[in-house]
Amino acid sequence: MRIYRSPRLLRWLFPSAIWKGADEHAVYLTFDDGPSQELTLWLLETLRKAEIKATFFCMGNNVKKHPELYRQIVADGHEVGNHTMQHENGLKTSVGDYLTSVKEARKQIDSPLFRPPYGKLSVKQYLEIKRLHMKVVFWSWLSYDFDPSQSMDQLKNKLHTINGGDILVFHDNPKAADTLFESLQYAIDFLRQKAFTFKTIQP
Ligand SMILES: [Zn+2]
């Protein structure tokens, strides 16, 4: 069985991390892993037309590769956050190396928001990141847009499980491109119909 929701244990381990947004009438779109040649401009265009602001958790190395795309995300008024330099798995990386990656990425991405890749983070890493005055942001609803074994119908059905305040994860990553081209506008329309507004994660 797949876990779309964050387990209670994690909430207990990381008590001051952000799991949900404060506004029960809003949902919080987040896009991880970018910027990317394949998707960023299309995402920005889609969000611009829909008049939605989202939060982009960028990888430092991708910002270095595509500085103009990163600047465009910021110029469009979206919130940005740190997603390490190269998508390190916290549980497979030493505390020192992990912290170095977060700090390096912070030179590229001016934001106190931090989202751990794969949601994997040790308690020690979490405490160190808090000492950098950064806010750890998890999520409450995962789209699995990067997973080719998930059908479009499954994804669309899963939209019914979204509640007010949910932080939704999508990916600015080539692996998710086909899925998003086909489903993002549908998801936006669906959520609008449910009378949700769209908000960004506040730093
Ligand atoms: Zn990621």
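Note: the structure precedes this text.
Residues numbered from 1 in each chain as written. Predicted model: local features only at pLDDT ≥ 70, side-chain atom pairs only at ≥ 80, totals over all residues. Heavy atoms only, no water.

**Looking at the overall build of the chain**
Helix and strand content of the chain: 8 helices and 8 strands. Rg of the C-alpha trace for the chain: 16 Å, near the compact-globule value of 17 Å for 203 residues, within the 12% margin. Overall size of the chain, expressed as C-alpha extent along the three principal axes, is 45 × 40 × 30 Å. Taking all 203 residues of the chain together, 55% fall into the buried category. Taking the contacts inside the chain whose residues are at least 6 apart along the sequence as the reference set, 78% of them involve residues at least 24 apart. As presented, the chain carries roughly 9,900 Å² of accessible surface, and 53% of it is formed by carbon and sulfur atoms. Placing the 27 positive and 23 negative side-chain charges of the chain at their respective mean positions leaves the two points 7 Å apart. (Helix = DSSP H or I, 4+ residues; strand = E, 2+ residues; numbered from the N terminus. Rg over C-alpha atoms; globule rule 2.2 N^0.38 Å. Buried < 20%, exposed > 50% of the residue type's maximum accessible area, 1.4 Å probe, protein only. Contact = heavy atoms within 4.5 Å. Areas by Shrake-Rupley, 256 points an atom, 1.4 Å probe, with all protein chains shown as cover. Lys, Arg positive; Asp, Glu negative; His and termini not counted. Charge placed at Lys NZ, Arg CZ, Asp CG, Glu CD.)

**Observations regarding the pattern of salt bridges**
One pass over the full model with this rule turns up 8 salt bridges. A salt bridge links Asp23 to Lys199, with the nearest nitrogen and oxygen atoms 2.8 Å apart. Note that Asp23 is positioned in the loop between helix 1 (8–13) and strand 1 (26–32) and Lys199 in the segment after strand 8 (197–198), a separation of 176 residues in sequence. We classify Lys199 as partly exposed; its relative accessible area is 36%. With its nearest N and O atoms 2.8 Å apart, the salt bridge here joins Asp32 to Arg115. With Asp32 in strand 1 and Arg115 in the loop between strand 4 (113–114) and helix 6 (123–131), the pair connects residues that are 83 residues apart, well separated along the chain. Given the relative accessible area of 3%, Asp32 is considered buried. Overall, the relative accessible area of 0% leaves Arg115 in the buried class. (Salt bridge = Lys/Arg side-chain N within 4 Å of Asp/Glu carboxyl O.)

**A closer look at the packing of aromatic side chains**
Remark: the centre distance and the inter-plane angle together describe each pair of aromatic rings, the angle taken between the planes. Applying the stated criterion to the full structure yields 10 aromatic pairs. Considering the side-chain rings of Trp42 and Phe181, the 4.8 Å spacing of their centres and the 85° angle between planes classify their relative orientation as edge-to-face. You can see Trp42 sitting in helix 2 (residues 40–50) and its partner Phe181 sitting in helix 8 (residues 177–193), a full 139 residues away along the chain. The class for Phe181 is partly exposed, based on a relative accessible area of 40%. The structure contains a cluster of three or more aromatic residues connected by ring pairs, namely Phe14, Trp19, Tyr126, Phe138 and Trp139. (Phe/Tyr/Trp six-rings, centres within 6.5 Å; stacked < 30°, edge-to-face > 60°.)

**Concerning the environment of Ala176**
Here Ala176 shows up in the loop between strand 7 (167–171) and helix 8. Sequence-wise, Ala176 and Phe198 are 22 residues apart; in three dimensions their C-alpha atoms are separated by 21 Å. Setting aside residues no more than four positions away along its own chain, Ala176 makes contact with Leu39, Asp145, Phe146 and His171.

**Let's talk about the environment of Pro116**
Here Pro116 shows up in the loop between strand 4 and helix 6. For the pair Pro116 and Phe138, spaced 22 residues apart in sequence, the C-alpha separation works out to 7.5 Å. Apart from residues lying up to four places away in sequence, Pro116 is in contact with His83, Tyr98, Leu121, Val136, Val137, Phe138 and Trp139.

**Digging into the coordination of the zinc ion**
Note on the zinc ion: its protein donors are Asp33 (OD), His83 (NE2) and His87 (NE2). The metal-donor distances range over 2.0 to 2.1 Å. As a motif over one chain, the donors of the zinc ion read D-x49-H-x3-H. Note that Asp33 is positioned in the loop between strand 1 and helix 2 and His83 in the loop between strand 3 (79–82) and helix 5 (95–108), a separation of 50 residues in sequence. Across the pair, His83 and Asp33 agree in class, each one buried. (Donors = N, O, S within 2.8 Å, 3.2 Å for Na, K, Ca; no water.)

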